[in-house]
Amino acid sequence: MRKVSYVRFQGTVRHQRGHFPGIFGLANGLAREGKLTEDQHRFWRTNNDWYDANYPNPSDTDPTVYDHHVHPGAVAWFKSSARELIKRADGYLEILAAHGVDCQRVESPNPGKIIYEDEYQVVVVPREALIDPTP
């Protein structure tokens, strides 16, 4: 039996709460700040809508899943089998690179304590958050 592995695309600079923000949060921040070009904004809006229409949102199942006080450092990882979700990340990475936001692809067979799971993704509290949670 093949073990599931997980993939995450994230920034290389820690968020003020100690975790590395994911590419969707980073792109959403650029959009909120009005920094996207017209083409970038179109890609961002179209693809965010596509993700929303085609895949579960962990927050819809558990509104506390990303609550820092309940699950400190919680972040989402794609299951490696979710190829279409992973493939669409390339456009987000291009937008972030165009704005000088460094990102990396991280893979792990065990990214942390799973607090949410569906067919395509997990949300975990990373191991370091379990060891040293921030207030």
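Structure first, text after, so check above.
Quick summary incoming for the structure in this document. Per chain, residues are indexed from 1 in the order of the written sequence. Confidence filtering applies because this is a predicted model: local features only for residues at pLDDT of at least 70, side-chain atom pairs given and counted only at 80 or more, and all residues used for totals across whole chains, interfaces and linings. Hydrogens and water molecules were not included; the side-chain quantities draw on all heavy atoms of the structure.

Moving on, we come to the pairing of strand β1 (residues 6-11). Exposure is judged per residue with a 1.4 Å probe applied to protein chains only, and the accessible area is read against the type maximum: over 50% gives exposed, under 20% gives buried, and values in between give partly exposed. Each helix is a run of DSSP H or I of at least 4 residues and each strand a run of E of at least 2, with the numbering of both proceeding from the N terminus. Counting buried residues along β1, six of its six residues qualify, which places the element largely inside the surrounding structure. A two-sided burial pattern is seen for β1, the buried positions comprising Y6, R8 and Q10 on one face and V7, F9 and G11 on the other. Taken together, the two bridges between β1 and strand β2 (residues 75-79) define a ladder with antiparallel strand orientation. Each residue of the ladder has a partner; that of V7, found in β2, is F78. DSSP calls a pair of strands paired once it identifies at least 2 bridges connecting them. Direction of pairing for β1 relative to strand β3 (residues 103-108): antiparallel, over a ladder of six bridges. The residue bridging R8 from the neighbouring strand is V106, located in β3.

Below, the discussion takes up the nonpolar core. Within soluble globular proteins, side chains that are nonpolar generally end up buried alongside one another. Residues belong to a common nonpolar core when they are buried Ala, Val, Leu, Ile, Met, Phe, Trp, Tyr or Cys residues joined through side-chain atoms within 4.5 Å. F9 and Y51 are the most contacted members of the largest nonpolar core, which totals 19 residues. Going through the elements one at a time, β1, α1 (23-32), α2 (38-54) and α4 (83-98) are the ones with two or more residues in this core. The contact definition used throughout considers only heavy atoms, calling two residues in contact when any of these lie within 4.5 Å. For Y51, the residues in contact, after removing those within four places along its chain, are F24, F78, L85, R88, A89 and Y92. Counting five residues, the second-largest nonpolar core is a separate cluster that includes V75, W77, V122 and V124.

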